[in-house]
Amino acid sequence: MRALILGGTHDANLLADAVARAGIDAVYSYGGRTRAPASQPLPTRIGGFGGVDGLADYIRREGVTHVIDATHPFAAEISRNAVAACAATATPLIALERAPWAKMPGDTWIEVHDIAAAVAALPDAPARVFLAIGRQHIAPFGTKPQHAYTLRFVDPPAGALPLPDADVLVSRGPFTLADERTMMRERAIAWIVARNSGGTGARAKIDAARELDLPVIMLTRPELPERPRAESVDDVMRWLGHRACLGA
Ligand code: NAP
């Protein structure tokens, strides 16, 4: 057995710990978006494979027998590639994917399907907006330059941002409810734009928004092809034929 973990998320890191503890031969793959990715207890590779064909070649060359797609639910391209490459190589695939967050009493959500709709949903009157989205998606918000934007990145931005009024926090999650409450209060955040990632790692900002009665423009998940799914590290370990690791 040789497992390939497509990672870059908190859940993928928990899975890597469990897989390493179980002594499974595995490789952890990062997309290469952050400058100093967290170290893993498994051999690690960084960077794209070169599309479906590149991933299929990698699977054959490295003798990968199981692929676990533990990437972020909004990382749609790699997830689509994994479905196609696993089909092409007849390699079993499972996605480790937490259920999306469900709206709770007290939540004020405006659900949108894409970034253009998120920009359109912002008010016209100037407000302070927390953009809790990847840096590759912020440019369209430049069409609403009246707002003051707060952004949070793992690495400092390399160049100028496409927003006239941007306050950048450089910090790596996960964040606690107290962290998020304090950040939103101190910065007088009035609107939040977030993706429905699900899971616990990114959830605190949504709980803080509810507490502070702030509206959230919530991006729904991209559509992905049908694939087997697991919602927990224990489920993936069972799929790999190992007993679930307590505490994983
Ligand atoms: P994406 O749009 O789905 O992927 C773009 C390309 O990046 C893929 O086609 C692939 O290149 C490469 N890639 C992505 N993830 C990879 C991985 N784990 N290992 C090897 N290559 C990978 O992905 P994205 O939204 O840019 O996210 C990139 C990474 O950041 C993912 O690992 C994801 O888990 C992590 N992440 C993303 C988000 C998010 O909001 N999207 C949030 C937290 C973490 P090739 O086609 O050349 O193979």
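Just so it is clear, the model here is predicted, and its values are computed rather than measured.

**Side note on the domain arrangement of the protein**
1) Next: What the domain assignment lists for the protein is domain 1 (3-99 + 223-239) and domain 2 (108-219).
2) Next: The C-alpha centroid of domain 2 is placed 28 Å from the C-alpha centroid of domain 1.
3) Next: Between domain 1 and domain 2, the residue contacts involve 12 residues of the former and 13 residues of the latter.
4) Next: Roughly 930 Å² is buried in total at the junction of domain 1 and domain 2, and carbon and sulfur atoms are behind 53% of that figure.
5) Next: Connecting domain 1 to domain 2 are zero salt bridges.
6) Next: Taken together, the connections running from domain 1 to domain 2 amount to four residue pairs in polar contact (both at pLDDT 80 or more).
7) Next: Class assignment for the residues of the side of domain 1 that touches domain 2 results in six nonpolar, three polar and three charged.

**What to know about the layout of surface pockets**
1) Next: The computed volume of the second largest pocket comes to approximately 170 Å³.
2) Next: Lining the second largest pocket are Phe 74, Ala 76, His 113, Asp 114, Ile 115, His 137, Arg 195, Leu 219, Thr 220, Arg 221 and Pro 222.

**So, empty space enclosed by the protein**
1) Next: Taken as a whole and judged by the stated rule, the model has one cavity of 30 Å³ or more.
2) Next: For the largest cavity, the calculated volume is near 60 Å³.
3) Next: Around the largest cavity, the lining residues are Asp 69, Thr 71, His 72, Pro 73, Ser 79, Ala 95, Leu 96, Glu 97, Leu 224 and Arg 227.
4) Next: Its residues assigned to classes, the lining of the largest cavity shows four nonpolar, three polar and three charged.

Calculation notes
Residues numbered from 1 in each chain as written. Predicted model: local features only at pLDDT ≥ 70, side-chain atom pairs only at ≥ 80, totals over all residues. Heavy atoms only, no water. Domains from an automatic or database assignment. Contact = heavy atoms within 4.5 Å. Buried area = accessible area lost by both parts, 1.4 Å probe. Salt bridge = Lys/Arg side-chain N within 4 Å of Asp/Glu carboxyl O. Polar contact = N/O pair within 3.5 Å; in protein donor to acceptor, adjacent residues only side chain to side chain. Nonpolar A, V, L, I, M, F, W, Y, C, P; charged D, E, K, R; others polar. 1 Å grid on protein atoms, 1.4 Å probe; cavity = no way out; pocket = protein on both sides within 12 Å on 5 of 7 lines; lining within 4 Å. Points joined across faces, edges and corners; volume = space filled by probe spheres on them.

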